[in-house]
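Here is how the chains run, residue by residue.
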Amino acid sequence: MKYILVTGGVISGIGKGIIASSVGTILKSCGLHVTAIKIDPYINIDAGTFSPYEHGEVFVLDDGGEVDLDLGNYERFLDIRLTKDNNLTTGKIYQSVINKERRGDYLGKTVQVVPHITDAIQEWVMRQAKVPVDDDDVEPQVCVIELGGTVGDIESMPFIEAFRQFQFKVKRENFCNIHVSMVPQPSATGEQKTKPTQNSVRELRGLGLSPDLVRQAPEKKISMFCHVEPEQVICVHDVSSIYRVPLLLEDQGVVGYFCRRLNLPIETRPRKMLAKWKEMSDRSDRLLEQCSIALVGKYTKFSDSYASVIKALEHSALAISHKLEVKYIDSADLEAGMLQEDPVKYHEAWQKLCSADGVLSLRRIQTQSVFALPGGFGVRGTEGKIQAISWARKQKKPFLGVCLGMQLAVCEFARNMLDWKGTYANSTEFDPETKYPVVIDMPEHNPGQMGGTMRLGKRRTIFKTKNSILRKLYGDVDYVEERHRHRFEVNPELKQHFEEKGFHFVGQDVEGERMEVIELLDHPYFVGVQYHPEFTSRPIKPSPPYLGLLLAAAGGLPAYLQKGCRLSPRYELMFPQRHPEISHKTSCSFLS
């Protein structure tokens, strides 16, 4: 087993996750089996109880693990399936050591950070590195480990010490360290400053780790002062797309270096997989037509709150050769109360939401508009989301509801189409005393504890009808397996009332008790899913619900379905009306 540790210096958020993912992608393209581990030094057991404003979205794995969003990057880049133990936290380590101490496993010894905590870290890494993550169930050959935070942080010291010992345990030829740092360029001088990187590397070396690769330039100065060869300094400048980072690393000889440093039995040139990345990156830079998405949510001030949603939309937009524009709208700004509190903010939010009408009046053929509503928890902003859903349904605009978005679509339809007026039809999450509880909490939900109490992980959804749009988008399969994260569900006792009005539950769980997929008749694309399809979207394999949303917004869904769900070699052939002299009514949709 070869271990590649990625550390960071100077500031957090420097790009360690992208570098780790890119290194793994390059090595996998050379025919190796690669896995990844993310280490977060915080004391939380997992990311399940984090506010999205703290660390961005909570990424959910097949086994129900609620983990750091960087594991989403690993899965998307490497096209692998990780488990909850691939995300290691201080809380998990201390919990495991304390449990051993309570059982008496240490035989009365004094339990200390060194050696007990550091040994537990090493054992965890070595054990998890062997777990297969590819579909062929083969044990990985390379493990890329990202250490969160920056070198010098108090909370990361036990991990640094653990890897100082680890490099001798597994031998030099099986371990190397990539240090990601920043070289600022003050506008006053225009000169790149290497002192922050020099200090960061000096501190890392003082803790017992010597970097084998340092990310940044200028190469000669960093090589001289950081005790590394010039070939070991890699410059990663800003690029048009993160998909270009693996190509940038490969161009600078990273593969050849790893072959020599770790004695890897691989070809020095990456193969077919990286060629697809280059093709995808080149196509991304050449896109002309645009698809704008007004994303209506609760955490819109921080884009990482919806990282996987944005990536899934980008994957689908790229598949249909469109640029993606995301317009973030705080759902609370759409509510009537905001009109009194801040009229300007209220009207601006609705202007964004209804921008499709402006696009139509301008007859801009190259622009379509999509409206999106991602999932969330809590009361704030829910009425604004319901208003947006109602507008999408009435205006026949393509709509995708995810998790809470699907539940609110059920609430909206019940209020406006089933004669359950006012706010009587609601979710018990927001109104426990509602007269019509169309969304209820699940029997297994434990209201007294927040962490790990939801319906989590991969679950099977059975399609109940042959003519479902979503079933066709999935390839006309009988069932799909997608990841869930929710505490509430659609009330199955009220199912018949909806279906009599054309609001169909086309997908259900294996027992037929939980409603998983909704579709509305006589609508171009009104789809809701209880699961989170964005977690399994890949750059080369976009998620079908998101792909359907983008296709419907661009006017190409009917042709796509008619062709048997295959994209045309020239996607423009699916749009016979796309000519400057012909007006094209833009579509819009909501994604929830």
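For the structure itself, look to the data block above.
The paragraphs below set out a description of the structure included in this document. This one's a predicted model, so the numbers in the text were calculated from it and none came from an experiment.

Looking only at helices and strands, the chain has 21 helices and 22 strands in total. Taking all 592 residues of the chain together, 58% fall into the buried category.

Here three strands make up an open sheet; going across it, the order is E14-E15-E18 and the pairing mixed. Of all strands in the sheet, those with a lone pairing partner are strand E14 (425-427) and strand E18 (488-490), marking the two edges. Taken pair by pair, the neighbouring strands of this sheet meet at an average axis angle of 25°, ignoring direction. Across three bridges, the pairing between E14 and strand E15 (residues 436-441) is parallel. Directly across from Asn426, in E15, lies its bridge partner Pro437.

Here the focus is the environment of Ala425. Position of Ala425 among the secondary structure elements: in strand E14. Residue class for Ala425 comes out buried when judged on its relative accessible area of 0%. In this structure, the C-alpha to C-alpha distance between Ala425 and Val410, residues 15 residues apart in sequence, is 9.1 Å.

The subject of this paragraph is the pattern of salt bridges. Scanning the model with the defined rule gives 29 salt bridges in all. Here Asp79 and Lys541 are joined by a salt bridge, their closest N and O atoms 3.0 Å apart. Taken as a pair, Asp79 in the loop between helix H3 (70-78) and strand E5 (87-89) and Lys541 in the loop between strand E21 (526-529) and helix H20 (544-554) lie far apart in primary sequence, 462 residues in all. A relative accessible area of 35% means that Asp79 is categorised as partly exposed.

The next thing to look at is the layout of surface pockets. For the largest pocket, the calculated volume is near 1,100 Å³. The set of elements that each furnish at least two residues to the lining of the largest pocket consists of helix H1 (16-29), strand E2 (34-40), helix H2 (52-55), H3, helix H11 (272-285), helix H12 (307-319) and strand E11 (323-330). Broken down by element, the lining of the largest pocket gets its largest block of residues, six residues, from H12. Of the residues in the lining of the largest pocket, the class split is 16 nonpolar, 13 polar and 15 charged.

Okay, the packing of H1 against H11 next. Relative to each other, H1 and H11 sit at 130°, their axes nearing to 7 Å. What the angle tells us is that H1 and H11 run oblique. Together, Thr25, Lys28 and Ser29 of H1 and Met273, Leu274 and Trp277 of H11 make up the contact between the two elements. When its residues are assigned to classes, the contact of H1 with H11 shows three nonpolar, two polar and one charged.

Let us now look at the pairing of strand E16 (residues 455-463). The pairing of E16 with strand E17 (residues 479-486) spans eight bridges and is antiparallel. Bridge pairing links Thr461 to Val480 in E17. In this structure, E16 lies alongside strand E19 (residues 503-509), joined through three bridges in antiparallel fashion. Its bridge partner being in E19, Ile462 is matched across the sheet by Gln508.

What follows is about unusual backbone geometry. The omega angle of the peptide bond from Val114 to Pro115 is 15°, so this bond is cis rather than trans. Note that Pro115 resides in helix H5 (residues 113-129). Positive phi values are uncommon outside glycine, yet Asp137 reaches one of about 60°. Within the fold, Asp137 resides in the loop between H5 and strand E6 (142-147). For Cys403, which is not a glycine, the phi torsion comes out positive at approximately 60°. Note that Cys403 resides in the loop between strand E13 (399-402) and helix H17 (404-417).

Quick look at the nonpolar core now. Membership of the largest hydrophobic core comes to 51 residues, with the highest contact counts inside it found for Ile4, Leu27, Ile178 and Phe258. Within the second largest apolar cluster, 37 residues are counted, among which are Phe463, Leu473, Val529 and Leu551.

Overall, the coordinates contain 17 aromatic pairs when judged by the stated rule. Relative to Trp277, the ring of Tyr243 lies with its centre 5.5 Å away and its plane at 65°, an arrangement referred to as edge-to-face. With Tyr243 in the loop between strand E9 (233-234) and helix H9 (245-251) and Trp277 in helix H11, this residue pair connects regions lying 34 residues apart in the sequence. A relative accessible area of 3% means that Trp277 is categorised as buried. On the numbers, 4.4 Å between centres and 25° between planes, the contact of Phe399 with Phe526 is stacked. Here Phe526 lies in strand E21 and Phe399 lies in strand E13, a separation of 127 residues in the sequence. Of the two residues, Phe399 and Phe526, both sit in the buried class.

Cut-off values and rules
- Residues numbered from 1 in each chain as written.
- Predicted model: local features only at pLDDT ≥ 70, side-chain atom pairs only at ≥ 80, totals over all residues.
- Heavy atoms only, no water.
- Helix = DSSP H or I, 4+ residues; strand = E, 2+ residues; numbered from the N terminus.
- Buried < 20%, exposed > 50% of the residue type's maximum accessible area, 1.4 Å probe, protein only.
- Pairing = 2+ DSSP bridges.
- Axes fitted to C-alpha atoms, helices over the stretch in contact; angles between N-to-C directions.
- Salt bridge = Lys/Arg side-chain N within 4 Å of Asp/Glu carboxyl O.
- 1 Å grid on protein atoms, 1.4 Å probe; cavity = no way out; pocket = protein on both sides within 12 Å on 5 of 7 lines; lining within 4 Å.
- Points joined across faces, edges and corners; volume = space filled by probe spheres on them.
- Nonpolar A, V, L, I, M, F, W, Y, C, P; charged D, E, K, R; others polar.
- Parallel < 35°, antiparallel > 145°, perpendicular 65-115°, else oblique.
- Contact = heavy atoms within 4.5 Å.
- Core = buried A, V, L, I, M, F, W, Y, C linked by side-chain atoms within 4.5 Å.
- Phe/Tyr/Trp six-rings, centres within 6.5 Å; stacked < 30°, edge-to-face > 60°.

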